[in-house]
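Now for the letters of each chain:
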Amino acid sequence: MSTPAPQAGSPEAYLPLFGLSCFRPGQREVIEAVLAGEDCLCVMPTGGGKSLCYQLPAVARPGLTLVVSPLIALMKDQVDQLSALGLKATFVNSALAQAEQYARLEAMAAGHFNLVYIAPERFRSSRLVEAVRSARLRLLAVDEAHCISQWGHDFRPDYARLGRFRAMLGHPPTIALTATATDAVRRDIVQQLNLRNPRTLVTGFTRPNLRYEVQSPHSSRRKDQALERFLGEHPGSGIVYASSRKRCEELAQSIAQATGRSTAVYHAGMSSEDRRAAQDRFMQGKSEIVAATTAFGMGIDKADVRFVVHYNLPGSLEAYYQEAGRAGRDGLPADCLLLYSVGDRRIQEFFIESAYPAREIVERVYDFLRHQQDDPVELTQQELKATLSLPISAEGVGTCEQLLEQAGVLERLEPRENMALVRLDSDLPALVDLLPRQARTQRRVLAAVERIVGPRRFELVYFRPRELQAATELDATALNRTLRELMELDAFDYVPPFRGRAIHLLQRDRPFHGLGIDFADLEKRKRAEYAKLDRVVGFAQSGRCRQREILDYFGQAGSEPCGRCDNCTRTGRSRKSPAAAHPAVAAPASGQELEAIRKALSGVARARGRFGKHLIAQMLCGSNAAKVKRNGLHLLTTHGLLSQWKQEVVVGLLDGLLETRCLEQVGTENQRPRLQLTELGKDVMAGRATIDVALSADVAIAARMTAAMSGPPPIAGAPSAFGEPAAAAGAAALGAANEPDRPAAMPPSFDARSGPAAETAEAGGESVQSAPNHYWTWRMLSAGLSVDECRAARGLSREVILDHALRALEEGRVVRAEWFLSPSEIETFESVIGPGMPERIRPLLTRLPAGTRYEEVQLFLKCRRPALSEKQPALGGPPHRNQAADTLQ
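Attention in this report is confined to the structure presented alongside it. Computed from a predicted model, the values in this text were never measured in an experiment. (Residues numbered from 1 in each chain as written. Predicted model: local features only at pLDDT ≥ 70, side-chain atom pairs only at ≥ 80, totals over all residues. Heavy atoms only, no water.)

Time to look at unusual backbone geometry. Following Asp 375, the chain continues to Pro 376 via a peptide bond in cis, the omega torsion being 5 degrees. By the element assignment, Pro 376 lies in the loop between helix H13 (359-370) and helix H14 (381-388). Of note in this structure, His 171 is not a glycine but carries a positive phi near 55 degrees. Tracing the backbone through its elements, the reader meets His 171 in the loop between helix H6 (162-168) and strand S6 (174-178). Judged by its relative accessible area of 24%, His 171 falls in the partly exposed class. (Helix = DSSP H or I, 4+ residues; strand = E, 2+ residues; numbered from the N terminus. Buried < 20%, exposed > 50% of the residue type's maximum accessible area, 1.4 Å probe, protein only.)

In this section: the nonpolar core. Core analysis: the biggest nonpolar cluster contains 120 residues, and Met 108 and Ile 517 have the highest contact counts within it. Looking at which element gives the most residues to this core, the answer is helix H19 (residues 519-541), with eight residues. Not counting the four nearest positions on each side in its chain, Met 108 is found in contact with Leu 64, Leu 66, Phe 113, Val 116, Leu 128, Ala 131, Val 132 and Ala 135. Within the second largest apolar cluster, 35 residues are counted, among which are Val 30, Ala 33, Tyr 117 and Leu 201. (Core = buried A, V, L, I, M, F, W, Y, C linked by side-chain atoms within 4.5 Å. Contact = heavy atoms within 4.5 Å.)

Here Thr 293 is to be found in the loop between strand S11 (289-292) and strand S12 (305-310). When its relative accessible area of 9% is taken as the criterion, Thr 293 is described as buried.

One key point about sheets: their strands pair by backbone hydrogen bonds, in either a parallel or an antiparallel sense. Strand order across the open sheet formed by seven strands is S3-S4-S2-S5-S6-S1-S7, with parallel pairing between neighbours. Only two strands of the sheet have a single neighbouring strand rather than two, namely strand S3 (89-92) and strand S7 (199-202). Averaged over all pairs of adjacent strands, the angle between strand axes in this sheet comes to 15 degrees, irrespective of strand direction. Bridge analysis of strand S1 (residues 40-43) against S6 gives four bridges, and the strand direction is parallel. Looking at the pairing, Cys 42 lines up with Leu 177 of S6. (Pairing = 2+ DSSP bridges. Axes fitted to C-alpha atoms, helices over the stretch in contact; angles between N-to-C directions.)

Quick look at the layout of surface pockets now. If you add up the space inside the second largest pocket, you get close to 1,000 Å³. Surrounding the second largest pocket, 34 residues form its lining, Gly 49, Ser 51, Gln 81, Asp 301 and Arg 329 being those nearest its centre. Within the residue set of the lining of the second largest pocket, elements represented by two or more residues are helix H2 (52-60), helix H3 (72-84) and helix H10 (272-283). When residues of the lining of the second largest pocket are assigned to their parent elements, the largest contribution, five residues, is made by H3. (1 Å grid on protein atoms, 1.4 Å probe; cavity = no way out; pocket = protein on both sides within 12 Å on 5 of 7 lines; lining within 4 Å. Points joined across faces, edges and corners; volume = space filled by probe spheres on them.)

To continue, consider the packing of helix H8 (residues 220-233) against helix H9 (residues 245-259). Where H8 meets H9, the closest approach of the two axes is 11 Å, and the angle between their N-to-C directions is 55 degrees. Compared by their axis directions, H8 and H9 come out oblique. Read as a crossing pair, H8 and H9 show a hand that is right-handed. Across the interface between the two elements, Leu 227, Glu 228 and Leu 231 of H8 pack against Leu 251, Ile 255, Ala 258 and Thr 259 of H9. In terms of residue class, the contact of H8 with H9 is made up of five nonpolar, one polar and one charged. (Parallel < 35°, antiparallel > 145°, perpendicular 65-115°, else oblique. Left-handed = near helix turned anticlockwise from the far one by under 90°. Nonpolar A, V, L, I, M, F, W, Y, C, P; charged D, E, K, R; others polar.)

In this section: helix H30 (residues 798-810). The first and last C-alpha atoms of H30 sit 19 Å apart over 13 residues, in line with the 18 Å expected at 1.5 Å per residue. One or two residues past the end of H30 sits Gly 812, with phi positive at roughly 85 degrees. (Expected span 1.5 Å × (residues − 1).)

Sheet architecture is open: three strands sit in the order S16-S15-S17, paired in antiparallel fashion. Every other strand in the sheet has two partners, leaving strand S16 (461-463) and strand S17 (492-495) as the edge strands with one partner each. On average, each strand axis in the sheet is inclined to that of its neighbour by 25 degrees, with strand direction left out of account. Note that strand S15 (residues 420-424) and S17 share four bridges and pair antiparallel. Bridge pairing links Leu 421 to Val 495 in S17.

The next point concerns the environment of Gln 676. Relative to the helices and strands, Gln 676 resides in strand S21 (residues 672-677). The spatial distance from the C-alpha of Gln 676 to the C-alpha of Gln 665 is 6.5 Å, given a sequence separation of eleven residues. Setting aside anything within four residues of it in sequence, one finds Gln 676 in contact with Val 604, Gly 609, Cys 662, Leu 663, Glu 664 and Val 666. Here the side chain of Gln 676 touches Glu 664 through a polar contact of 2.7 Å, side chain to side chain. (Polar contact = N/O pair within 3.5 Å; in protein donor to acceptor, adjacent residues only side chain to side chain.)

Throughout the structure, instances matching the rule amount to 14 aromatic pairs. Geometrically, the ring pair formed by Phe 350 and Phe 351 is tilted, given 6.4 Å between the ring centres and 50 degrees between the ring planes. An angle of 80 degrees between the planes, with centres 5.3 Å apart, marks the rings of Tyr 553 and Phe 554 as edge-to-face. You can call Phe 554 buried: its relative accessible area is 3%. The rings of Phe 205, Tyr 321, Tyr 553 and Phe 554 are connected pair by pair, giving a single aromatic cluster. Lying over the aromatic face of Phe 282, Lys 302 brings its terminal NZ or CZ to 5.4 Å of the ring centre. We note Arg 813 situated over the ring of Trp 778; from NZ or CZ to the ring centre the distance is 5.1 Å. (Phe/Tyr/Trp six-rings, centres within 6.5 Å; stacked < 30°, edge-to-face > 60°. Lys NZ or Arg CZ within 6 Å of the ring centre and 35° of its normal.)

On to the pattern of salt bridges. Scanning the model with the defined rule gives 43 salt bridges in all. Of the charged contacts in the structure, one is a salt bridge between Lys 76 and Asp 80, with a shortest N-O distance of 2.9 Å. Note that Lys 76 and Asp 80 are positioned in helix H3 at a spacing of four residues, about one turn of the helix. Relative accessible area serves as the criterion here: at 42%, Lys 76 is assigned to the partly exposed category. Its relative accessible area of 37% is what places Asp 80 among the partly exposed residues. The partner of Glu 595 in a salt bridge is Lys 599, and the shortest N-O contact between them spans 3.5 Å. Here Glu 595 pairs with Lys 599, and both are found in helix H22 (residues 591-607), just four residues apart, close to one helical turn. The structure contains a network of salt bridges with shared partners spanning Glu 411, Arg 423, Asp 425 and Asp 493. (Salt bridge = Lys/Arg side-chain N within 4 Å of Asp/Glu carboxyl O.)

Encoded structure:
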């Protein structure tokens, strides 16, 4: 199909060709600038329609539009869509055979296409430059332009060639497009591309249909529970991002098992065919959920993604915003959940250290490679990492190789089945003239190689040795010997066939200090990555409007609170979930909370800024672990100050103190930040100041339970020490055994080593510390915690909590019906059952609302009886005779 003739009129006249009736915000202004021949920098959020900004000009005027894009997997899709519209479009990337690449470049040079997608690595070839020079280039479009900036979140060295490439072509009109660029990145893009007085058009980053939420589970198990709960409440298509390939595979399997929904996996460790199949299943709706690394999603144009979950913390706010922005492109409401845990930071730190390896690591890689006898060296990055025991990822080894390649001492080779490589580094018309006439065999082989290489001088050219063998009429042994002899020529470079990725050493004798690698610049860029990580951690911990945090980061100041995110609604839970984990919400500190805060601050003060959050939490909990003793923390006076708390709850308390700026994280030691007091923290610790705390619900519950469990058991009939039951809590604070019949040796919130001294008193001859499990459930309910809080804290079902209450009643303890029944339910029960001796329970159930449980009626009847003696029975003592359950059956 031929390209439609350009239509007269405004840019709107071309919209029907793309199936559109109007422009999205910002599109028209960008297109007008491009059509006017201006250089342009377009910053438009994910889903804002950046592609149209260069596709429409490609239709509106003759000539070539060359689009540079790293999205190799999506080029074919975009070209197919454009071809279906009648546009002459194609792509050139490494997915094509070399012959096909050259054929398409020749067709482009001849003017057969008006829009060509090109991968950035193609700029390593002079052949591309010549083909573009021959074409009538009207517009250069640089998609994902943040990749050119060393301050961007996805810097790619291949993009660094674009500035030189543009200069070689005479600075053609250029549009740079990105969805995520801070002011510093925008300036760097302009400088790297050498844009001339560019029109910079920034479309707002506000996504009014997205709801941002952060939950902070304290363990992997609870993170999995939070994910399962969220997925249970959010139907439709969605993406779950994780930080590693293994985690993606585990998540896909667990999601499928827990929810029964169809899932797919996508990560860079899969073959291109498997990645393509996974992407197609997701795009077509055959897989409802995809568990993926960041390798998935750039350029994904699926409009009905209803949610995006970040199972692990991303490395920057740019990455988070871009990935979360894949939700709700149809403009309908969508949810973005971040499951933040402290361990995620260490994962990202490992990635940063791998992306910017230390000098000594790069030197070890170089020394190892240059002393290998084989050429090429056929070792995978993982094999090289294992051989040298490097403290970086396999991708980090790839970074080392990349730095050495840029230094000119090696080349990284892509595999071609049964193919070898040759390069002629000379523009002499006939290299055979460099050989003596008596070297007949060498001259014959070199002449055949020159015919294979043709005009492609100064670049590696793949060829099949059998074809060269046939052309020279030599057997394999003689040919290989001759090729090795020819390598004595400076202008001749030969690489024998190899199986997979390989390293070809160009120089082996250059000392490492003479390679010219700028490690100062690498360190500067590493610090910038750590600063980005600090910002995304700050976003996760912040109590401000989530959208305002994002907009402020991208320089869009003065925005109003969104009114939709977890912090704005101040629930921190999924809209439908009363049990989801709460984030920090500022409120005045209670007496119990303030006491715990001062103990925690004292522990940090005694640690003198030498240790991280988790080790300090271990010390405060009284741990005698080897690491605690090795660092002398067991000798501090603050050791065990919070021994009644679980370590994960103390970590949550320290997180709250970081949020309220009583603590700060400084420096790194073994890639872990250390805690120290701020001036505010010192004042709060000394009692000179109070604060509005920002503690999660589990910390607040733990503080209340410490006070409740440390005192004597409540007196029968006495009001609760904490008034009305608290609101339902989310993440468990107290972590006890789930078996209802197993004796509990201590309160469920306490460490397994010991309980408080107050609890060692005996009641009726039996130690409170050996009380049965249901006793502690009753104690929690008596202390004013709600049933939902007990469920979350103890990991028990409502049915087990109810059973524990009935067992407490059998022992003569005070239990209130309102702990389990709402006022309206109690009113209904009273109207149906009436005064006097009740009839059997089962007939009553037929007259009560559907769903009423037998045990609820049983508990209501027992609680309605005349008050029992004020004296509490002995723990585990016999039930009162007048409470025998057989009268109720």
